[in-house]
Structure formats: structure tokens, C-alpha cells
Amino acid sequence: MKKSLICMISLFFIVSLTFNGKVGAEETIENEHWKDFTNDFFKEKIENEELVGVTLSVVEDGELIFLKGYGYSDLEKQIEMDPSNTTIRAGSIGKSFTVTSIMQLAEQGMLDLNDSVWEYIDVDMPQKPKHSITIHDLLTHTPGFEESFSGFFANSKDDVSNEYYIKNYMPKQKNKPGAEVQYSNYGMGLLGKVVEDVSNMPLHKYIEKNIFEPLNMQESTFIQDHQEEQLAKSYHGKTEFPYHYFHITGAGALTTTSEDMAKYMNAHLNKDALSLNSNSFFMMHNAQYKSMDGMIGGVTYGFFEKKIGSQNIIHHGGDIDAFTSDMILFKDEGVGLFISFNSVLGIETITLRNNYLEEFVERKFGNNKVDVIDKAKQKTSREILEQYEGKYERNRVIESGPAKIQNLIPNPNDALDVEVDVYDNGKFKIDDLRLSNQEIHFIETNDDMVFKSEDGQYTMGFSSENGKIKMVNSEYPMMEYYKSSPINEKSISSVIALLIIIWSLFYILYYLFGFIYKKIKNKSQSLGKINFKLFLISISLPLSLVAITQALDLITFGQMSIAKALLISPYIPVLLIVWTIYSWNKADKTEKKNKKVSFMVYIWSFVIALWLLLCIYWEVTPFHV
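Numbering of residues begins from 1 in every chain and follows the order in which that chain's sequence is written. Where totals are concerned, whole chains, interfaces and linings use all residues; where local detail is concerned, this predicted model gives features only for residues with pLDDT of at least 70, and gives and counts side-chain atom pairs only at 80 or more. Heavy atoms throughout the structure, all of them, feed into the side-chain values; hydrogens and water do not.

## Describing unusual backbone geometry
For the record, the criterion: Only DSSP runs of H or I with at least four residues qualify as helices, and only runs of E with at least two residues qualify as strands; both kinds are numbered from the N terminus onward. The rule is simple: take the accessible area with a 1.4 Å probe, protein chains only, and divide by the maximum for that residue type; under 20% is buried, over 50% is exposed, in between is partly exposed.
Phi angles above zero are rare outside glycine, and Glu-49 is one such case at about 60°. Looking at where Glu-49 falls in the secondary structure, it is placed in the loop between α2 (32-47) and β1 (53-60). Note on Glu-49: relative accessible area 35%, which makes it partly exposed. A positive phi angle is found at Gln-78, which is not glycine, with a value near 55°.

Have a look at this one:
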């Protein structure tokens with residue numbers, strides 16, 4: 001998980017088909033085609049080594065109708081994936097359990113969702129955000145926190161501490177609560193702490209007593225243990241991925257099985273066995289926050305609203321280590337689906353899962369629900385719409401501290417950014433939001449600057465706020481997008497950084513080749529020393545990049561002292577150029593007339609000045625840790 005989160009949650013996502021598990025006696029002939037498709041689909045993907053293992057369950061009308069495992073939970077030992085007994089790490093799907101716990105306590109009168117969260121947390125915070133945050137804000141991912149991965153991971157099971165994390169690693173609050181939605185792991189950590197302090201029980205104990213035991217989820221836990229015998233291994237490709245301990249237990253510590261998740265899905269679909277009344281289920285199953293004045297997107301308490309094909313769904317995904325999972329409730333149909341892969345290959349794995357889900361919906365439900373689009377009677381002209389053309393970047397990015405320099409590095413999450421193009425009056429087209437390499441065409445509706453895809457599956461809207469153009473869409477209700485200029489701080493900095501690296505590598509080769517011929521060169525000793533100093537600078541730059549990378553890894557594990565020490569390294573080239581300039585100024589006039597050396601000193605002075613500006617601007621300093 002460390003590497004996937006450091007790269008903005010990189011979405012990474014054998015030679016036989018194996019399956020086992022229980023299938024309900026209620027299987028019907030009309031459902032067999034989607035079951036056959038599922039078997040064939042995952043058999044092919046595992047034989048093609050696109051996946052190592054898959055586990056999934058489907059429930060309908062309170063019954064478990066499909067439970068299968070494919071491939072391997074342990075590739076080396078050839079242990080088959082067992083949907084009843086093989087446990088997997090479900091990551092952020094655990095947030096739904098934390099939210100269910102909050103709703104239970106609210107029903108018991110032990111907390112009020114509109115109260116400030118600080119009224120219920122018994123932690124001596126070094127500082128609190130400037131704007132008050134309610135429990136409702138946390139439930140809807142609208143507390144205003146920016147993204148942060150500092151201190152995410154613990155070094156061992158014994159070091160895991162949600163309280164330590166929320167006390168020492170609170171992100172900056174960049175917006176007033178409710179201003180915009182931005183998925184927040186830290187916010188869910190606060191809710192986990194609320195459950196603990198209000199109930200006077202550790203979170204894992206509370207969930208075990210009030211959710212797992214009533215639902216007979218015997219294989220599920222919020223205790224993290226990499227030595228658990230039943231736990232599947234996870235893989236990047238076919239390489240085993242290391243287990244990472246996660247401080248924020250309420251945000252992603254769930255370990256479970258497909259069979260256990262079937263019981264949880266049934267409890268939500270049937271609205272029973274969770275000690276919640278109909279109003280609580282309503283708030284968990286229907287949007288409590290929408291963007292664009294309530295027209296687009298949908299964040300419920302514990303789930304997200306969107307569409308797959310013809311079906312309205314609520315769901316929550318989960319990615320941790322190299323596990324990637326999704327829990328989907330087709331609440332209008334009384335159907336739930338849980339699916340988990342224990343291997344990832346990057347964005348291709350997400351595309352694979354999306355393709356399966358779309359086919360599942362088509363084969364299970366047909367395509368008999370076509371939205372009637374309320375098309376705009378007066379289409380906005382192409383000339384006006386063109387101001388909304390361009391690239392839109394998600395707001396879920398790191399915006400402060402050394403880790404924000406990762407925004408300069410291409411990573412798989414960049415695929416979630418959206419390119420918007422106008423192709424006619426009142427019409428836009430964009431790259432496929434579901435990452436299946438298909439263009440989507442949008443038609444203007446009667447709502448101001450709100451557009452629907454031609455098949456009715458997606459909604460997209462635009463607004464202008466404080467000089468910025470914002471875009472929101474129904475596929476990713478947990479974040480918002482802002483239009484970026486082709487020439488901006490990120491693109492300029494990326495070009496500068498690339499040129500610095502190229503120049504550094506060039507000079508290393510230039511010096512080494514020159515060294516081979518130094519015996520036939522008649523240069524003074526002082527000039528040789530200056531060239532050597534410049535050579536040291538050229539080596540120090542790539543070494544600094546390595547040190548920065550290591551520092552970012554350490555920051556995610558909360559090892560701040562070592563990280564701070566490593567972040568001194570980017571300033572070693574600055575000290576070296578100062579030393580070189582001093583030595584060059586001390587050289588006699590004859591030596592200074594060497595135009596080649598003089599040119600190199602000037603160039604390197606300019607290069608290091610740019611390097612220094614980059615480091616300061618992108619907060620790659622020990623003082624920003």
C-alpha cells in the first residue's frame with residue numbers, strides 16, 4: 001500500500017481456474033447466463049495472468065445466490081481462493097462499518113450528527129482547524145481537509161494507533177466545511193475515534209459486538225495481522241506485495257470474506273439486524289450531499305451514489321496493499337455484489353473490473369431503464385461552451401508539504417483527470433470516465449450548465465467560482481474537478497525539473513569522457529578542481545532525487561526525523577555551487593579566461609538557482625515536514 005498511496009493511490013489493479021463455495025438453492029434459469037458469463041470471464045483473466053485471484057458474492061432478496069473464488073490466495077503455495085474462508089483486506093469498504101457504528105450511537109441518543117466532532121473526542125489536540133467541523137461534515141466527506149498521506153502507516157501491529165495519528169497528522173483545512181466534497185481518510189479516522197470515546201470501547205471491539213456478532217460474520221475483523229493464516233497474499237502482477245499496517249483503523253482496517261460481506265449487504269438491503277431505524281437507513285442509502293446545488297453526484301452516509309449501465313447503485317470501494325475491492329448495492333432490485341481482486345496491474349485492473357460490472361448489470365438486469373433526458377430547449381452556443389473546454393484535474397491531490405512534489409510525476413491516478421471538448425452547440429465529449437477507452441458524448445439539459453450523457457448514465461455540470469471553472473460528475477461524487485491551464489505551475493515546473501535532470505546526466509557523461517583525455521589536455525590544477533566541483537554537483541542532483549523519494553516513503557510511516565535529515569540533501573548542490581563560485585573567483589585572471597570553464601560555471605549557477613526555487617516552491621524542505 002505504501003507505494004500505491006505515495007503515487008496518489010495508484011489504482012494497481014492464474015494458470016488455472018478454481019472455484020469453490022456455496023451457491024444458494026434458489027438459482028433460477030433466467031439468472032444462469034450472468035453466472036456462466038462470470039465463470040468464463042474470470043477463467044479467461046486468470047488463464048491470461050491478468051489476475052491472481054478473485055472472490056465474489058451476490059445476494060438477492062435476502063438470499064445468497066452466488067459465491068465463488070477463482071485463482072489463488074497464495075500463488076507460491078498454489079492455495080486456492082476460498083470465498084468462505086480466505087480473508088482479504090477490503091480497505092476503505094470498512095468506512096461503511098464505521099459509519100454504521102456512528103448511526104447506531106446517534107439512534108441511542110449518545111451523539112448528534114449536527115454537533116461539532118470535538119465535543120465527542122477525548123484527545124488533547126495540539127491545534128484544531130479554524131472552521132468548526134460537524135459529524136455530518138465528516139460523514140459526507142466535506143470537512144474541508146486537503147489530501148495527506150503523512151504518518152499513514154505504522155511499522156508493526158503494536159504501533160497501530162488511530163489516536164496518535166489524528167493527534168499528530170491533521171491535514172490543513174483548505175475550505176470551509178460543506179464548500180466542496182473531497183474524500184477524506186483523516187475525517188473517517190476522526191469518526192472512528194468518536195465511536196471509541198462515546199462507546200468506551202476500542203473500535204474493533206465495538207464493531208465486533210454490534211455488527212459482526214449479530215450478523216454472524218465470524219471471519220471478519222478490524223484487527224490488522226499479517227500473520228493471519230487465512231489471509232490471502234496480494235500481488236503487483238505476480239510479485240508479492242508487502243503488508244502495511246494502517247493507523248486509521250476506521251478508514252480501512254477491515255479484513256473479511258466474500259461470504260461475510262454477503263451477510264452485511266443483506267443487512268443493508270433488508271434494513272434489519274443492524275439496530276438501525278428506517279430514517280438511519282434512508283440517510284445511509286440516499287444522498288446527504290450533492291454538488292451543483294444538489295443536482296449532481298451523491299454522497300450518502302457511508303456510500304456513494306452513481307449508475308452502472310441502467311442501474312442506480314450505492315457502493316463503496318476499497319484499495320489497500322494490492323487488494324482492490326468493491327461493494328455494490330442495487331437497492332431498487334434487492335441485489336448486492338461484493339468483488340475483490342488480490343492482484344493489480346495498474347489502471348488496466350480497474351478497467352477490467354469496470355468492464356465486468358457493466359456486463360454483469362446488462363446480463364443480470366437487462367437495459368430496460370433508459371433515462372429520459374430533459375434536453376435544453378435553447379442550446380448554449382459552441383462559442384460560449386468553448387470557455388469550458390480543456391483539462392480538468394481532481395481536487396484530491398496533496399497541496400502542501402514535501403509530498404506535493406509528486407504532482408509533477410505522472411502516476412496512474414492521472415487517468416482520473418478529464419479532458420473536455422466541445423463538438424457542437426450544447427454538446428460536449430470527454431474521455432470515458434470508467435476508463436474503458438470510450439468517448440462519451442454529453443447533451444445539454446434544461447438545468448443551467450448541466451449535461452447528460454446520451455445513454456443517460458452520466459451527469460456532468462460546470463460552474464465558475466472565484467475565477468475558477470469547476471466541473472463535477474456523477475461517476476466520481478467523492479471529489480470535484482477544476483480546469484487547469486496548459487501552462488501552469490505544474491507544467492512549467494515539470495519541464496524545468498526534466499531539463500535539470502537531463503543537464504545533470506549530460507554533464508556526468510561530459511566530465512567522464514573528458515577525464516579519459518585529460519592527459520592530452522594542458523590545464524591548470526585549479527581549473528581541474530573547478531571541473532571536479534561541477535562534476536560533484538551533477539552527481540549530487542540525482543542523489544538528491546533518490547533521497548527525496550526515500551524521505552517521502554519515511555513520511556508516510558511517520559519517521560519524520562530521518563525524513564528531515566534526508567531533505568537536507570537537495571540543498572547540498574546549492575552549497576557546492578557556492579563553493580565552486582568561490583573557488584572560481586579565487587582563480588587568477590589567466591585561468592578565468594578559459595571560456596569553457598567560465599561558461600560551465602555560469603550555466604551551473606543558473607541551473608542550481610532553478611533547482612533551489614523548485615525545492616522551495618514545492619516545499620521540499622525539512623521545515624515543511
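Structure shown, so let's carry the discussion forward.
## Comments concerning the side chain of Gln-173
Using the following cut-off: Polar contact is the term for a pair of N or O atoms within 3.5 Å; when the atoms are in protein, one must be able to donate a hydrogen and the other to accept it, and sequence-neighboring residues count only if both atoms are side-chain atoms. Should any heavy atoms of two residues lie within 4.5 Å, those residues are considered in contact.
Along the chain, Gln-173 falls in the loop between α5 (162-168) and α6 (185-199). A polar contact of 3.4 Å, which involves the side chain of Gln-173, links it to the backbone nitrogen of Lys-130. A polar side-chain atom of Gln-173 sits 2.9 Å from the main-chain amide nitrogen of His-131. Sequence-distant contacts of Gln-173, defined by excluding residues within four places in its chain, comprise Pro-129, Lys-130, His-131, Ile-133, Pro-143, Gly-144 and Phe-145.

## Quick look at the environment of Lys-157
Mapped onto the elements, Lys-157 comes out in the loop between β5 (153-154) and α5. For the pair Lys-157 and Glu-259, spaced 102 residues apart in the sequence, the C-alpha separation amounts to 26 Å. Lys-157 has contacts with Ile-223, Gln-224, Asp-225 and Tyr-245, leaving out every residue within four places of it along the chain.

## Looking at the environment of Phe-66
You can see Phe-66 is positioned in strand β2 (residues 63-74). In this structure Phe-66 comes out as buried when scored by relative accessible area, which is 2%. Note: C-alpha distance between Phe-66 and Leu-357 (291 residues apart in sequence) is 15 Å.

## Overview of the pattern of salt bridges
Put simply, the rule is: One side-chain nitrogen of Lys or Arg within 4 Å of one carboxyl oxygen of Asp or Glu is enough to make a salt bridge.
Considering all chains together, one arrives at 18 salt bridges under this definition. Its salt-bridge partner being Arg-89, residue Asp-321 comes within 2.7 Å of it at the nearest N-O pair. Linking Asp-321 in the loop between β13 (311-320) and β14 (323-330) with Arg-89 in strand β4 (residues 88-91), this pair joins segments that are 232 residues apart in sequence. The exposure classification of Asp-321 matches that of Arg-89, with both residues buried. With a closest N to O distance of 3.1 Å, Asp-197 and Lys-193 form a salt bridge. Residue Asp-197 and its partner Lys-193 are located together in helix α6, separated by four residues, close to a single helical turn. Asp-197 gets classed as partly exposed once you look at its relative accessible area, which sits at 21%. Judged by relative accessible area, which is 5%, Lys-193 ranks as buried. Residues joined in a network through salt bridges with shared partners are Glu-163, Lys-193 and Asp-197.

## Brief notes about the pairing of strand β20 (residues 440-444)
As a general feature of sheets, a regular strand has side chains that alternate between the two faces. Rule in force here: Only when DSSP finds a minimum of two bridges between them are two strands counted as paired.
A large share of β20 lies buried, amounting to four of its five residues. For strand β19 (residues 427-430) and β20, the ladder comprises four bridges, and the chain directions are antiparallel. Of the residues in β20, the one forming a bridge with Ile-430 is Ile-440. Two elements, β20 and strand β21 (residues 450-453), share three bridges in a ladder whose sense is antiparallel. Its bridge partner being in β21, Ile-443 is matched across the sheet by Lys-452.

## Some words on the packing of helix α3 (residues 94-107) against helix α7 (residues 203-215)
Applied cut-off: Working convention: axes come from line fits to C-alpha atoms, limited for helices to the stretch in contact. Angles between N-to-C directions cover 0 to 180 degrees. Orientation labels follow simple angle bins: below 35 degrees gives roughly parallel, above 145 gives roughly antiparallel, 65 to 115 gives roughly perpendicular, and whatever is left gives oblique. Throughout this entry, Asp, Glu, Lys and Arg are counted as charged residues, while Ala, Val, Leu, Ile, Met, Phe, Trp, Tyr, Cys and Pro are counted as nonpolar. The remaining residues, Gly among them, count as polar.
Where α3 contacts α7, the axes come no closer than 10 Å and their chain directions differ by 75°. With respect to α7, the axis of α3 lies roughly perpendicular. The segment α3 lies against α7, with Phe-97, Thr-98, Thr-100, Ser-101, Gln-104 and Leu-105 engaging Leu-203, Tyr-206, Ile-207, Asn-210, Ile-211 and Phe-212. Across the contact of α3 with α7, the residue classes tally to seven nonpolar, five polar and no charged.

## Remarks on helix α10 (residues 278-285)
One turn of the α-helix equals 3.6 residues, which is why residues spaced by three or four share an orientation. All of the buried residues along α10 are Ser-280, Phe-281, Met-283, Met-284 and His-285. Among the structural elements, α3, α9 (258-270), β12 (304-308) and β13 are those in contact with the buried residues of α10. Here α10 starts with a cap whose side-chain oxygen sits 3.0 Å from the backbone nitrogen of Asn-279, and that cap is Asn-277.

## Here's the deal with the pairing of strand β24 (residues 481-484)
When strand β17 (residues 390-394) meets β24, the two strands line up antiparallel, connected through four bridges. Each residue of the ladder has a partner; that of Lys-391, found in β24, is Ser-484. Of the strand pairs in this sheet, strand β23 (residues 468-473) and β24 are connected by two bridges, and their pairing is antiparallel. Of the residues in β24, the one forming a bridge with Lys-470 is Tyr-482.

## Quick word on a nonpolar patch on the surface
Let me state the cut-off plainly: Patch rule: a residue counts if its relative accessible area is over 30% and it has no salt bridge; like charges are joined within 9 Å, and nonpolar side chains (Val, Leu, Ile, Met, Phe, Trp, Tyr) within 5 Å. Each accessible area value is a Shrake-Rupley result obtained with a 1.4 Å probe; residue values ignore everything except the protein chains displayed when judging cover.
Among the surface-exposed residues, Val-495, Leu-498, Leu-499 and Ile-502 lie close enough to one another that they form a single nonpolar patch of about 390 Å² accessible area. Assignment of secondary structure puts Ile-502 in helix α14 (residues 489-516).

## Examining the packing of α3 against α10
The following threshold applies: When the near helix sits turned anticlockwise from the far one by under a right angle, the crossing is termed left-handed; a clockwise turn instead gives a right-handed crossing.
Across the interface, α3 lies against α10 with an axial gap of 10 Å and an inter-helix angle of 150°. For the element pair α3 / α10, the angle class is roughly antiparallel. Crossing geometry of α3 relative to α10 is assigned as right-handed. Contact residues: Ser-96, Val-99, Thr-100, Met-103 and Glu-107 in α3; Ser-280, Met-283 and Met-284 in α10.

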